[in-house]
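These are the residues of each chain, in order.
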Amino acid sequence: MNSRKIGITDTTWRDSHQSLLATRMKTEDMLPIAGKMDEMGFYSMEVWGGATFDTCMRFLKEDPWERLDKIRQVLKKTKIQMLLRGQNLVGYKNYADDVVEEFVKKAAAHGMDIFRIFDAMNDVRNLSKAMETAKKEKTHVQATMSYTISPVHNTAYFVKMAQDLVNIGADSICIKDMAGILKPYAAFELVSELKKRFSVPVQVHTHYTSGMASMMYLKAIEAGADVIDTAISSLALGTSQPAAEPMVATLAGTPYDTGLNLEALGEIAEYFKEVRKKYKEFDVYSMGVDTNVLLYQVPGGMLSNFITQLQQQDALDKMPEVLAEVPRVREDLGYPPLVTPTSQIVGTQAVMNVLLGERYKMVSTEVRQYMKGMYGATPAPVNEAIRKQIIRDEKPITCRPADVIEPEMGKAREELGSLARKEEDVLSYAIFPQVAKKFLEEHYGVNS
């Protein structure tokens, strides 16, 4: 067996608290332990992107760009990475190419080393602009496949997608298992096929929701995976990532030794155990393992959204019906992977179908846009009868969705006017107009 050190990407500052604490961790709770984390020898740390951008402004009253600068200043040795939703950037819809280019350029200028770029539909066209820009900025482009299971998603599907991503410049491939449904032997098969065909590194990302994650990582490593995502144990498991310490201990003394120090990880875990107590009100996921995810493929975040939506309608008893409706809506929509924003699109529609007692009696704007092709090509054909019911005789687009979006930066600059003190403010506004405007007014002490 060849000896090869396995890299560990730490997700504590991004996906871990996004999954367990509603993305509420403040920068001030990250910085005191940064020195220790920087010394660990992680392959990288995921520190930005995903929902952190939005929540920084919306709830924490922090400028996400300033957060990135502070993080970059304290992590001197470790590569930092972000999660970018392709043409959706850090938002929930497709943005114009000029916004995508400017955003990636600015993130790179603020010190981003690795861009993990994915698309909820796995439509490679939605990744191309962000990948091309990140490449021009001489950063590492980690092209990502959203892993899911359906009649059309199999090993051959993902191998073909990986080939498309390598063709357009992927520096590494990430298998993003956002719901924790990648089974150990399926992972072994997929990683083996990728390593057989491509010379780029393969990284694997998962969530602990189903309870299979650590076993899956082990099989993926045996098949040739180069890097895995973990969180520090006090912010791991549940809907977060597998814990770093057991993985490090498991691989210690084997040809896959991570080289990480368990004692030092323990000190970091102690620190975050205390930090976690501060966020008790958001710390609501109490189940150790949720096997519903294996039956319905519903990621943890979707589950908590259902609970909230149904509670508001005083209809929590309808939960089993909603869970059963999700796979049906997903089939009607051509089996999109359930990850932001498609998880919200499918989930909201499933709730409406159940509460109104009639399927597609009412549809969200997003479902209408989706059926018009505005989110990209669907993995499998959609249910045409349902499409007709929703968009009637309108012809869906077949081009790359961003091709029909006019440039947006000029308009954002004009609307924001003197409220923008820097180009980053314009970007924040272009992506989240209402949230950013309110935030910037408070941040700069301007009365609207």
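Residues numbered from 1 in each chain as written. Predicted model: local features only at pLDDT ≥ 70, side-chain atom pairs only at ≥ 80, totals over all residues. Heavy atoms only, no water.

*Asks:* Outline the overall build of the chain, listing residues and values.
*Replies:* Looking only at helices and strands, one finds 20 helices and 8 strands in the chain. Computed over C-alpha atoms, the radius of gyration of the chain comes to 21 Å, within 12% of the 22 Å expected from 2.2 N^0.38 for 448 residues, which places it in the range of a compact globule. Its C-alpha atoms give the chain principal-axis dimensions of about 65 × 55 × 45 Å. Across the 448 residues in the chain, those meeting the buried criterion constitute 58%. Relative to all contacts within the chain whose residues are 6 or more apart in sequence, the contacts with residues 24 or more apart total 75%. Of the roughly 18,100 Å² that the chain leaves accessible, carbon and sulfur atoms contribute 52%. Placing the 54 positive and 59 negative side-chain charges of the chain at their respective mean positions leaves the two points 1 Å apart. (Helix = DSSP H or I, 4+ residues; strand = E, 2+ residues; numbered from the N terminus. Rg over C-alpha atoms; globule rule 2.2 N^0.38 Å. Buried < 20%, exposed > 50% of the residue type's maximum accessible area, 1.4 Å probe, protein only. Contact = heavy atoms within 4.5 Å. Areas by Shrake-Rupley, 256 points an atom, 1.4 Å probe, with all protein chains shown as cover. Lys, Arg positive; Asp, Glu negative; His and termini not counted. Charge placed at Lys NZ, Arg CZ, Asp CG, Glu CD.)

*Asks:* I'd like to hear about helix H6 (residues 125-136), residue by residue, with values.
*Replies:* For H6, spanning 12 residues, the distance from its first C-alpha to its last is 17 Å, which sits close to the expected 16 Å at 1.5 Å a residue. Considered for burial, the residues of H6 that qualify are Asn126, Leu127, Lys129, Ala130, Met131, Thr133 and Ala134. Taken together, the buried residues of H6 touch strand S3 (80-84), helix H5 (97-109), strand S4 (114-117), strand S5 (140-146) and helix H7 (155-167). Just beyond H6, the residue with positive phi is Lys138, at close to 60°. (Expected span 1.5 Å × (residues − 1).)

*Asks:* Just give me the short version of the packing of helix H8 (residues 184-197) against helix H9 (residues 213-222), but keep the residues and values in it.
*Replies:* Remark: H8 packs on H9, axes separated minimally by 8 Å, with the N-to-C direction vectors making an angle of 25°. Comparing their axes, H9 and H8 come out roughly parallel. Two packed elements cross with a definite hand, and for H8 against H9 that hand is right-handed. Counted together, Pro184, Tyr185, Ala187, Phe188 and Val191 of H8 and Met215, Met216, Lys219, Ala220 and Glu222 of H9 form the full contact between these two elements. (Axes fitted to C-alpha atoms, helices over the stretch in contact; angles between N-to-C directions. Parallel < 35°, antiparallel > 145°, perpendicular 65-115°, else oblique. Left-handed = near helix turned anticlockwise from the far one by under 90°.)

*Asks:* Please set out the sheet that holds strand S6 (residues 172-177) residue by residue, giving values where relevant.
*Replies:* If you trace the 8 strands once around the closed barrel, you get S1-S2-S3-S4-S5-S6-S7-S8, paired in parallel fashion. On average, each strand axis in the sheet is inclined to that of its neighbour by 30°, with strand direction left out of account. For strand S1 (residues 7-10) and strand S8 (residues 227-230), the ladder comprises 4 bridges, and the chain directions are parallel. Residue pairing across strands places Gly7 opposite Val227, the latter belonging to S8. In the packing of H8 onto the sheet, contacts are made with S5, S6 and strand S7 (202-206), and the angle to S6 comes to roughly 170°. (Pairing = 2+ DSSP bridges.)

*Asks:* Give me the packing of aromatic side chains: which residues, what numbers.
*Replies:* The geometry of an aromatic ring pair comes down to the distance between the two centres and the angle between the two planes. Evaluated as defined, the whole model comprises 12 aromatic pairs. Seen in terms of ring centroids, Tyr271 and Phe272 are 5.1 Å apart; in terms of plane orientation they differ by 85°. Their pairing is edge-to-face. Judged by relative accessible area, which is 21%, Tyr271 ranks as partly exposed. Through a chain of ring-to-ring contacts, the aromatic side chains of Trp48, Phe53, Trp65, Tyr92, Phe103 and Phe432 assemble into a single cluster. Its end group placed over the ring of Phe59, Arg24 keeps NZ or CZ at 3.8 Å from the ring centre. Stacked on the ring of Tyr444, the Lys or Arg Arg421 has its end atom at 4.4 Å from the ring centre. (Phe/Tyr/Trp six-rings, centres within 6.5 Å; stacked < 30°, edge-to-face > 60°. Lys NZ or Arg CZ within 6 Å of the ring centre and 35° of its normal.)

*Asks:* How would you summarise the side chain of Thr23 if you had to cite specific residues and measurements?
*Replies:* Within the element layout of this structure, Thr23 appears in the loop between helix H1 (12-20) and helix H2 (31-39). Relative accessible area serves as the criterion here: at 6%, Thr23 is assigned to the buried category. Leaving out residues up to four positions away in the same chain, Thr23 has contacts with His17, Gln18, Ala51, Thr52, Thr55 and Leu60.

*Asks:* An account of the pattern of salt bridges is needed here, citing residue identities and associated values.
*Replies:* Under the criterion given, the structure shown has 37 salt bridges. Between Arg58 and Asp54 there is a salt bridge whose closest N-O contact spans 2.9 Å. Taken as a pair, Arg58 and Asp54 lie in helix H3 (residues 52-58) at a separation of 4 residues, close to a single helical turn. Owing to a relative accessible area of 36%, Arg58 belongs among the partly exposed residues under this scheme. Of the charged contacts in the structure, one is a salt bridge between Asp113 and Arg72, with a shortest N-O distance of 2.8 Å. With a gap of 41 residues between them, Asp113 in the loop between H5 and S4 and Arg72 in helix H4 (residues 64-74) connect regions that are remote in the sequence. The class of Asp113 is partly exposed, set by a relative accessible area of 25%. Connected via shared salt-bridge partners are Glu101, Lys129, Glu132 and Lys136. (Salt bridge = Lys/Arg side-chain N within 4 Å of Asp/Glu carboxyl O.)

*Asks:* Any details on the nonpolar core? Residues and values, ideally.
*Replies:* Core analysis: the biggest nonpolar cluster contains 101 residues, and Trp13, Trp48, Phe103, Leu165, Ile175, Leu194 and Phe272 have the highest contact counts within it. With sequence-adjacent residues up to four places away left out, Ile175 is seen in contact with Met145, Tyr147, Leu182, Leu190, Val191, Leu194, Val202, Gln203, Val204 and His205. (Core = buried A, V, L, I, M, F, W, Y, C linked by side-chain atoms within 4.5 Å.)

*Asks:* Lay out the environment of Gly266 in plain terms, naming residues and giving numbers.
*Replies:* For Gly266, the location among the structural elements is in helix H11 (residues 262-278). Sequence separation of Gly266 and Ser233 is 33 residues, and the distance between their C-alpha atoms is 8.3 Å.

*Asks:* Hey, could you go over the environment of Pro32 for me, with residue numbers and the actual values?
*Replies:* If you trace the backbone, Pro32 turns up in helix H2. Judged by its relative accessible area of 57%, Pro32 falls in the exposed class. Between the C-alpha atoms of Pro32 and Ala244, which are 212 residues apart in sequence, the distance is 20 Å.

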